[in-house]
Amino acid sequence: MTKLTDQSLLKKASYWQGEWHDADNCFDVTNPANGDVIAKVANSSADDAEKAVAAAHRAFNAWAARPAAERAELLLRWQQLLLEHQDDLALLLTLEQGKPLAEAKGEIAYGAGYLQWFAEEAKRVYGDTIPAKTDDQRIIVIKQPVGVVAAVTPWNFPNAMIARKAAAALAAGCTFVVKPAQLTPLSALAMAELADRAGIPAGVFNVITSTDAKAIGEVLTEDKRVAKFSFTGSTKIGKQLAKQCAGTVKRVSLELGGNAPFIVFDDADLDAAIDGLMASKFRNAGQTCVCTNRILVQQKVLAAFTEKLLKAIGKLKLGDGTADNVDIGPLINHDACDKVDKLLNEALALGAKLQCGGKRQAADSLFYLPTLITGVNNDMAVAQQEIFGPVAAIQSFDTDAEAIALANATDSGLAAYFYSRDIGRVWRVAEALQYGMVGINEGMVSNPAAPFGGVKQSGYGREGSKYGLADYLDIKYLCLGGLAD
Ligand code: SIN
């Protein structure tokens, strides 16, 4: 931490009502690259979470009443501060999460991009007028912020997942309480420090750090003062949280797990497909919800594609994210490594072939070797569960219909990717894939201007784009009568 240029970005207390709040006890935040304790952070309680919700509730009316242009100005100031402190924020992120510094810097810019996007969108919350049935009436539609928004965010994008929810909420005129993942609270707290410096008023942006996800989650999903709940994380937890929200009929957005297919058709530009796959599969050591999980390659190009992929994987450098030229950092913890081991070993036992990697760098380390397996089939657990690790798993297919059927044979529907140069095939496949996002000749689809989100059990609601703001707005219909002379 001595390497931080601005030491005051390292915060260790929860933040609500514009103030920092210690707790009776603390929890350790560790660096997955070496197990070092980086900080001891306030282990806030359910009572504290209620105080944060109360602060957000108190702040709501005044924030909602601010002209959109003023809210936008504050969001832009916050965005600028994120970019000014990009190096420090990236270092904090790498230390607590493990991703390489270059990727961490990219995440800060990505998160700041949501603040900018929604600052701009804040000014475009248009209503409607609708022709009325009679001439003494007018029908008017206005849009208003839903109220207090609560969010629970994951460890794989400790900055950007908060930025994209908070940016939309604040732009719409909502106030916000977030519980960041216990593994990565420092990025969230640094964002709170910068929100404060940007002049975001007390109570508008609040952060509760805690190891007691259940108790804090109960407050955020059950408190009547919370109007909307937004979650990014596993499908299993998302289902539970959605159930909890039902009691108070909250608006809910869920961005849950994926099982992305990456289809390579025989007319694809194979080098472009390799580049797209490397980005999609190995970003964040394979720990993203939109990471490729299943690689489906048409028989005719299977051998050539596999050979190219093996070469590309061979060039990846595994190491501590703070070191130079590292492509892949550690996995987040031992559970993550154990899960990858289990999926891999089961696939190998069922006949898949190991082409490279297949284990941790050393027995007790969190560094998992970039791995390629071939001969996978869709029934294996490695093809049905999120791997969340640097394992590329290849299956083959013969016909377009077979590829589409394989791709859709999952309960998930977040992101899918395919490579083809044939325009007819491009349209047919794009329309047939049951996914919320489809990368066509493109391995990276994330972008603040685009609607991020899934279908099926990958969740509902969209983040980013003009659609992202709608999730934080209520539609109100005004019927203006008595207009006759
Ligand atoms: C995620 O893993 O859920 C987010 C990935 C992204 O925004 O690109």
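What you are looking at is a predicted structure, and each value in this text was computed from that prediction instead of being measured.

1. A look at the pattern of salt bridges
Then, in step 1: Inspection of the entire model under this criterion finds 21 salt bridges.
Then, in step 2: A salt bridge links Arg-66 to Glu-70; the nearest nitrogen and oxygen atoms lie 2.7 Å apart.
Then, in step 3: A salt bridge links Asp-400 to Arg-425; the nearest nitrogen and oxygen atoms lie 2.8 Å apart. Pair noted here: Asp-400 is in helix α13 (residues 400–408) and Arg-425 is in helix α14 (residues 423–432), with a separation of 25 residues, a long-range link.
Then, in step 4: For Arg-425, a relative accessible area of 9% gives the class buried.

2. Comments concerning the domain arrangement of the protein
Then, in step 1: Under the domain assignment, the protein is made up of domain 1 (7–255 + 458–477) and domain 2 (260–446).
Then, in step 2: Look at where the C-alpha atoms of domain 1 and domain 2 centre, and you get two points 31 Å apart.
Then, in step 3: On the domain 2 side, the residues contacting the 20 residues of domain 1 number 26 residues.
Then, in step 4: At the boundary of domain 1 with domain 2, total buried surface from both sides reaches about 1800 Å², with 60% on carbon and sulfur atoms.
Then, in step 5: Where domain 1 packs against domain 2, one counts zero salt bridges.
Then, in step 6: On the surface where domain 1 and domain 2 come into contact, there are seven residue pairs in polar contact (both at pLDDT 80 or more).
Then, in step 7: Elements with a minimum of two residues in the side of domain 1 that touches domain 2: α3 (86–97) and α4 (101–122).
Then, in step 8: In terms of residues, the side of domain 1 that touches domain 2 owes the most to one element, α3, which gives five residues.

3. A look at the site of the ligand
Then, in step 1: The full set of residues close to the ligand is Tyr-110, Asn-156, Phe-157, Met-161, Arg-164, Glu-255, Arg-283, Thr-288, Cys-289, Val-290, Ser-446 and Phe-452.
Then, in step 2: At 2.4 Å from an oxygen atom of the ligand is found a side-chain nitrogen or oxygen belonging to Ser-446.
Then, in step 3: If the ligand stood free it would expose 260 Å²; the protein chains cover 100% of that surface.
Then, in step 4: When its residues are assigned to classes, the shell around the ligand shows six nonpolar, three polar and three charged.
Then, in step 5: Looking at which domains feed residues into the shell around the ligand, each of domain 1 (7–255 + 458–477) and domain 2 (260–446) supplies at least three.

4. Some points on the packing of helix α2 (residues 68–84) against α4
Two quantities define a packed helix pair, namely the angle between the axes and the distance from one axis to the other.
Then, in step 1: At a closest axis distance of 8 Å, the pairing of α2 and α4 adopts a crossing angle of 165°. As summarised for this structure, α2 and α4 are arranged roughly antiparallel, according to the angle between their axes. Judged by the sense of rotation from one axis to the other, the crossing of α2 with α4 is left-handed. Every residue of α4 that contacts α2 at Ala-68, Ala-72, Leu-75, Leu-76, Trp-78, Gln-79, Leu-82 and Leu-83 is listed here: Ile-108, Ala-109, Gly-111, Ala-112, Leu-115, Gln-116, Phe-118, Ala-119 and Ala-122.
Then, in step 2: Grouping the constituent residues of the contact of α2 with α4 by class yields 14 nonpolar, three polar and no charged.

5. A word on the environment of Ala-312
Then, in step 1: In this fold, Ala-312 is placed in helix α10 (residues 299–314).
Then, in step 2: Among the residues examined, Ala-312 registers a relative accessible area of 16% and is labelled buried.
Then, in step 3: The spatial distance from the C-alpha of Ala-312 to the C-alpha of Met-278 is 7.7 Å, given a sequence separation of 34 residues.
Then, in step 4: Dropping the residues within four chain positions of it, Ala-312 is found in contact with Ile-274 and Met-278.

6. Regarding the pairing of strand β16 (residues 391–397)
Then, in step 1: With six of seven residues buried, β16 is to be regarded as a mostly interior element.
Then, in step 2: As paired strands, strand β13 (residues 292–298) and β16 are joined by four bridges and run parallel to one another. Bridge pairing links Val-297 to Ser-396 in β16.
Then, in step 3: In terms of strand pairing, strand β15 (residues 371–374) meets β16 through three bridges, oriented parallel. Its bridge partner being in β16, Leu-372 is matched across the sheet by Ala-392.

Calculation rules
Residues numbered from 1 in each chain as written. Predicted model: local features only at pLDDT ≥ 70, side-chain atom pairs only at ≥ 80, totals over all residues. Heavy atoms only, no water. Salt bridge = Lys/Arg side-chain N within 4 Å of Asp/Glu carboxyl O. Helix = DSSP H or I, 4+ residues; strand = E, 2+ residues; numbered from the N terminus. Buried < 20%, exposed > 50% of the residue type's maximum accessible area, 1.4 Å probe, protein only. Domains from an automatic or database assignment. Contact = heavy atoms within 4.5 Å. Buried area = accessible area lost by both parts, 1.4 Å probe. Polar contact = N/O pair within 3.5 Å; in protein donor to acceptor, adjacent residues only side chain to side chain. Near = heavy atom within 4 Å. Areas by Shrake-Rupley, 256 points an atom, 1.4 Å probe, with all protein chains shown as cover. Nonpolar A, V, L, I, M, F, W, Y, C, P; charged D, E, K, R; others polar. Axes fitted to C-alpha atoms, helices over the stretch in contact; angles between N-to-C directions. Parallel < 35°, antiparallel > 145°, perpendicular 65-115°, else oblique. Left-handed = near helix turned anticlockwise from the far one by under 90°. Pairing = 2+ DSSP bridges.

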